[in-house]
Amino acid sequence: MNNSVKSLVAVLFGLIAGALLMALTGHDPVEGYKYLIQGGLKNPERIGNTLATATPLILTGLSVAFAFRTGLFNIGAAGQMLFGGFCATAVGLSLELPRALLLLVMVLAGFIGGALWAVVPGFLKAKYNVHEVVSTIMMNWTAYWTVYYVIPAYFKGTSLETESRQLPADAMLHQQWLSDMFQGSYINFGFFIAVIAVLVVAFLINKTTLGYELKAVGFNRHASEYAGIAVKRSIVLSMFISGGLAGLAGVAQYAGNASSLQIGVMPSQGFDGIAVALLGINAPVGVFVSALFFGILYSGRGFMNAMTEIPPEIADSIIAIIIYFAATSILIERLYHKLKLRRAANKKQGE
Amino acid sequence: MDYVVEMVGIRKEFPGIVANDDITIRLKKGEIHALLGENGAGKSTLMSILFGMYQPDRGVIKVHGKEVRITNPNVANKLGIGMVHQHFKLVEPFTVTENIILGSETRKFYFGLDVKSAAKRVEELSKQYGLNVDPYAKIEDISVGMQQRVEILKMLYRDAEVLIFDEPTAVLTPQEIEDLQGIMRNLVNEGKSIILITHKLKEIKAVANRCTVIRRGKTIGTVEVADTSREAMAEMMVGRSVSFKVDKQEGRPGNAVLEIQSLTVKNSKKVDAVKSFSLNLHAGEIVGIAGVDGNGQSELVEAITGLLPIESGTVSLNGKALNGLSVRQRNESGISHIPEDRQKRGLVLDYTIEENLILEVYNRPPYSKNGLLKPEAIRKHAEHIIQSFDVRSGTGGRSIVRSMSGGNQQKAIIGREVERDPDLLIAVQPTRGLDVGSIEYIHRRLIEQRDKGKAVLLISLELDEVLNLSDRIAVINNGELVGIVNTSETNERELGLMMAGYQKEEAPHE
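Thresholds, definitions, all that
Residues numbered from 1 in each chain as written. Chains lettered and ligands numbered in written order. Predicted model: local features only at pLDDT ≥ 70, side-chain atom pairs only at ≥ 80, totals over all residues. Heavy atoms only, no water. Helix = DSSP H or I, 4+ residues; strand = E, 2+ residues; numbered from the N terminus. Rg over C-alpha atoms; globule rule 2.2 N^0.38 Å. Contact = heavy atoms within 4.5 Å. Areas by Shrake-Rupley, 256 points an atom, 1.4 Å probe, with all protein chains shown as cover. Lys, Arg positive; Asp, Glu negative; His and termini not counted. Charge placed at Lys NZ, Arg CZ, Asp CG, Glu CD. Core = buried A, V, L, I, M, F, W, Y, C linked by side-chain atoms within 4.5 Å. Buried < 20%, exposed > 50% of the residue type's maximum accessible area, 1.4 Å probe, protein only. Pairing = 2+ DSSP bridges. Axes fitted to C-alpha atoms, helices over the stretch in contact; angles between N-to-C directions. Parallel < 35°, antiparallel > 145°, perpendicular 65-115°, else oblique. Nonpolar A, V, L, I, M, F, W, Y, C, P; charged D, E, K, R; others polar. Domains from an automatic or database assignment. Buried area = accessible area lost by both parts, 1.4 Å probe. Salt bridge = Lys/Arg side-chain N within 4 Å of Asp/Glu carboxyl O. Polar contact = N/O pair within 3.5 Å; in protein donor to acceptor, adjacent residues only side chain to side chain. UniProt positions renumbered as here; feature names shortened; annotations may be inferred.

(A) Just the overall build of chain A, in detail. When you go through chain A residue by residue, the secondary structure sums to 15 helices and zero strands. What you see for chain A is a C-alpha radius of gyration of 22 Å, in line with the 20 Å of a compact globule of 351 residues. Reported as C-alpha extents along the three principal axes, the dimensions of chain A are approximately 80 × 60 × 35 Å. Excluding contacts between residues fewer than 6 apart, the proportion of contacts in chain A whose partners are at least 24 apart in sequence is 75%. Surface accessibility of chain A: about 15,900 Å² in total, with carbon and sulfur atoms responsible for 66%. Computed over 23 positive and 17 negative side-chain charges, the inter-centroid distance for chain A is 14 Å.

(B) Highlighting the nonpolar core. Counting 88 residues, the largest nonpolar core has Phe66, Phe86 and Met106 of chain A as its most contacted members. The residues contacting Met106 of chain A, other than those within four sequence positions of it, are Ala88, Val91, Gly92, Leu167, Ala171, Val251 and Ala255 of chain A. Core analysis: the next-biggest nonpolar cluster, separate from the first, contains 49 residues, Ala137, Leu156, Phe165 and Val238 of chain B among them.

(C) Fine view of the sheet that holds strand β12 (residues 218–224) of chain B. All names here are of chain B. Pairing in this open sheet of six strands is mixed, and the strands run β6-β9-β10-β3-β11-β12 from one edge to the other. One side of each edge strand has no neighbouring strand; the edge strands of this open sheet are β6 (81–84) and β12. Taking each pair of neighbouring strands and ignoring which way they run, the sheet shows an average axis angle of 20 degrees. In terms of strand pairing, strand β9 (residues 162–166) meets strand β10 (residues 193–198) through five bridges, oriented parallel. Across the sheet, residue Val162 finds its bridge partner in β10, namely Ser193. Of the strands in this sheet, β3 (32–36), β6, β9, β10 and β11 (210–215) touch helix α1 (residues 43–50), which is tilted by about 150 degrees from β10. Across the sheet, helix α5 (residues 144–157) is in contact with β6 and β9; its angle to β6 comes to roughly 170 degrees.

(D) Molecular detail of the packing of helix α3 (residues 44–69) of chain A against helix α11 (residues 231–257) of chain A. All names here are of chain A. Put simply, α3 and α11 touch, their axes get as near as 8 Å, and they point 170 degrees apart. When the axes of α3 and α11 are compared, the pair comes out roughly antiparallel. For the pair α3 and α11, contact is made by Ala52, Thr53, Thr55, Pro56, Leu59, Thr60, Leu62, Ser63, Val64, Phe66 and Ala67 and by Ser238, Ile241, Ser242, Gly243, Leu245, Ala246, Leu248, Ala249, Ala252, Gln253 and Asn257, respectively. Here the residues of the contact of α3 with α11 sort into 13 nonpolar, nine polar and no charged.

(E) Here's a closer look at the domain arrangement of chain B. All names here are of chain B. Domain annotation for chain B reports domain 1 (3–238), domain 2 (247–334 + 424–510) and domain 3 (345–421). Placing a centre on the C-alpha atoms of domain 2 and another on those of domain 3 gives a separation of 26 Å. At the junction of the two partners, domain 2 supplies 15 residues and domain 3 supplies 17 residues. Interface area for domain 2 against domain 3, summed over the two sides, is near 1,300 Å², with a carbon-plus-sulfur share of 53%. Looking at the side of domain 2 facing domain 3, the largest losses of area belong to Arg328, Tyr441 and Arg445, adding up to 31% of the total buried there. Inspection of the region where domain 2 meets domain 3 yields three salt bridges. Measuring nitrogen to oxygen at the nearest pair gives 3.7 Å for the salt bridge that ties Arg364 to Glu332. The interface formed by domain 2 and domain 3 includes six residue pairs in polar contact (both at pLDDT 80 or more). Put simply, the parts of the chain that give the side of domain 2 that touches domain 3 at least two residues each are α10 (327–332) and α15 (436–451). Tallying contributions element by element places α15 first for the side of domain 2 that touches domain 3, with five residues. In terms of residue class, the side of domain 2 that touches domain 3 is made up of six nonpolar, four polar and five charged.

(F) A look at the pattern of salt bridges. Residue and element names in this part refer to chain B. For the structure shown, the criterion picks out 38 salt bridges over all chains. Between Lys454 and Asp421 there is a salt bridge, with its nearest N and O atoms 2.4 Å apart. One end of the pair, Lys454, is in the loop between α15 and β22 (455–460); the other, Asp421, is in the loop between α14 (406–419) and β21 (424–428), with 33 residues separating them in the sequence. Judged by relative accessible area, which is 10%, Lys454 ranks as buried. One network of salt bridges, with partners in common, ties together Arg11, Glu13, Asp21 and Lys218.

(G) How the structure looks around the environment of Arg158 of chain B. Residues and elements named next belong to chain B. Relative to the helices and strands, Arg158 resides in the loop between α5 and β9. By relative accessible area, which is 24% here, Arg158 ends up partly exposed. In this structure the C-alpha to C-alpha distance between Arg158 and Ile101, which are 57 residues apart in sequence, comes to 8.9 Å. In this structure Arg158 touches Ile100, Ile101, Leu102 and Ser104, once residues within four positions along its chain are discounted. Polar side-chain contacts of Arg158 include one of 2.9 Å to the backbone oxygen of Ile100. A distance of 2.8 Å separates the side chain of Arg158 from the backbone oxygen of Leu102, its partner in a polar contact.

(H) Representation of the UniProt feature "transmembrane region" (unreviewed entry) in chain A in the model. The positions that UniProt labels "transmembrane region" (unreviewed entry) are, in the present scheme, residues 47–68, 75–95, 101–124, 136–155, 186–205, 274–298 and 318–336 of chain A. Across residues 274–298 of chain A, the secondary structure splits into 84% helix and 0% strand, with the terminal C-alpha atoms separated by 16 Å.

(I) Summary view of the packing of helix α8 (residues 190–207) of chain A against helix α9 (residues 209–219) of chain A. Residues and elements named next belong to chain A. At a closest axis distance of 5 Å, the pairing of α8 and α9 adopts a crossing angle of 75 degrees. Considered as vectors, α8 and α9 are oriented roughly perpendicular to each other. Listed contacts from α9 to Leu204, Ile205, Asn206 and Lys207 of α8 are Thr209, Leu210, Gly211 and Lys215. Class assignment for the residues of the contact of α8 with α9 results in three nonpolar, three polar and two charged.

(J) Expanded view of the interface of chain A and chain B. Chain A puts 19 residues into the contact, and the matching count from chain B is 27 residues. Contact between chain A and chain B buries roughly 2,000 Å² in total, counting both sides, with carbon and sulfur atoms accounting for 60%. Considering only the side of chain A, the residues that lose the most area to chain B are Thr209, Tyr212 and Tyr226 of chain A, jointly responsible for 42% of the buried surface there. There are one salt bridge connecting chain A and chain B. With a closest N to O distance of 3.0 Å, Arg345 of chain B and Glu225 of chain A form a salt bridge.

(K) Here's a closer look at the pairing of strand β4 (residues 58–63) of chain B. All names here are of chain B. The pairing of strand β1 (residues 3–14) with β4 spans five bridges and is antiparallel. By the bridge assignment for β4, Met7 is matched with Ile61. Taking the residues between adjacent antiparallel strands as the criterion, β4 and strand β5 (residues 66–68) are bridged by two residues, where His64 takes a positive phi near 50 degrees.

(L) The arrangement of the sheet that holds strand β13 (residues 256–266) of chain B in detail. All names here are of chain B. The strand order across the open sheet built from four strands is β14-β13-β16-β17, with neighbouring strands paired in antiparallel fashion. The outermost strands of the open sheet, each flanked by one partner alone, are β14 (272–282) and β17 (320–321). Pairing analysis gives seven bridges linking β13 to β14, with the strands arranged antiparallel. Within β14, the position partnered with Glu259 by the bridge is Asn280.

Structure representation (structure tokens):
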């Protein structure tokens, strides 16, 4: 059974379960889904907003998927995203440069910030065999508290204590013509960064010797050692790239979808990235598609809530159920085999 | 007829494969009955069914003529069926007796363990069957051969009538093998019956009364061992005729290729695993390293290939010291390595054959340029090796290696390493777990390499393999070189004694 089919089956089951939930709570599932999808795709503005919502998810999904493909479980995309976004914000608030150059420096700062945040666990793993799940979670909180203290101390907003100053217009990914094209949506250059990242990662993984090395280390560390690949360097490098991608998600979120950085909030996109990667079978294009799907659900749920009595949590439940099914795809596969066997048996009896 | 155990028409299917397809085996009382078959022929599945770990889809199992259903291993034990596993299941810090009674302890006043009377019984059994085991010795202090006897005692202690031996000689020295065969004869003389699972024809010849051969899940036939030649049994097993003798000309050694000088290597536990080991290997020569498993062979190889650091001493290739060079630098200076564990070291199982065949050269032209892989060149390379080394797989070069059989995985590795055209080819256990047909093929390729003027270092636990292929044999014991002998001037007995640590001169006289 093809992996992408498994993901689609998981989505289907999730939607069916969502329909059951709506029906059980006394709502009309058809209506619910109608508004959910309309909310995400009804008009150009909503489509633009869906793309903008999906942007950080594409990047964090890509971050987690890349780590997975190279044998690492990067659970710290949230912290890397936060720190990358923080670096970009700090650059945007401190430097005065021509717009194009400023944006470029901000994107670079975001990438490197996220990458450095992931290199620490990578180094610990390579050198001392510290499991990256533990160390990336610790790094999440390190990022959280770093931002918590540094933002009020150096970049405090004029009115609110809990967020940074607004980024100047020149330091934002927002672009008027793009916004106009989508009839006032808050879509921004972040989406293009995400698309480019998808293409670059796909190329890196499938076509380059570097991708070959990193995947080999992920699949089998011992065989890679035997082949003469620098295993430790590869682990650190994988984390660097993975963290950088999460850092870009921070740039897209804090300098694109938003215009300031709030303290005391761990970005949920970091963890959603794990789900996106899982549903996207860790393939760059799969991640792109599944992030868009999540984007529709996230941006449509408000509309569904406004137009019907269905609580927006239903959308979250659907996502949760889809993740369950994607994670237990082995069960789906077994079910498929059973059905196939039964059909074969019936056929025999029929003869 | 009084059969102790009969398995008739057994069929067992797993998703996608039929492991057993109509197998019949009948065990007479008091016989040693060999079960012979290639890897994957269905031996283990059949025995797992007899031991109650799987249920057959079809077929009947009878014990003493009565039909039984063996639903789990406890039922098998109660029916008097015991299994001596290939990998021992012993608690190292416990004594022999404690291990034997584990699971069926005799109690004293409800709580107290009655080790004393158990130990007495163990001693009696040990004497009765000539096992010579000290009931109070700790497992970690006794030899592998002794540990195996403890496993046997475990079965006897539980009054097993039928003993299944699963590849029992894989871990033993030649002398220990002889002892074991003596023990097996004692057991049958005392009325036990034995099923011996093996693919070593020599052992069957030495000890078994009858032999059932299975191939691809089917019984090919049951023969009287005394009336059947080795060749005939091999043919039944493989399905075509097989030659055992390796044709080989006298070697013509050239210059020294590999020079090892008083090499010391520490293993992962920081203990000296190789101790001041010296050896020279010449072009056009195969030197075999003989030794019991775990006597420093792995560490020796890893120190040469760069996977383990050299503690002291030097290793040089064509006169250039290798100390301090990385694995890749050593590969590039002319070492090829067929690793001991093909699935752990030799292959990335989730990569395709194509990808695996460039494992050491992916970063060099023509397989890549400026950091980009060149699929065209990679495919051609794979096709070439697949063809010239007869690597079989489902979908050619695109097959995931995990889906291939062990023999074909090994052929792919050998093809990859030989095609790199090295000066030194290190082959560690190149035929482990392979069937007779593949072994024959791989042996031919290794000799071909020698004849082309390569230096071949062969490390094998199979003494026959070492004797058949090597020009000279270096014996290693406890990390030290015991001695080097010319193959033409030695025999299995002498090597066996050396493997046990006796120097050539001090071999005990009988």
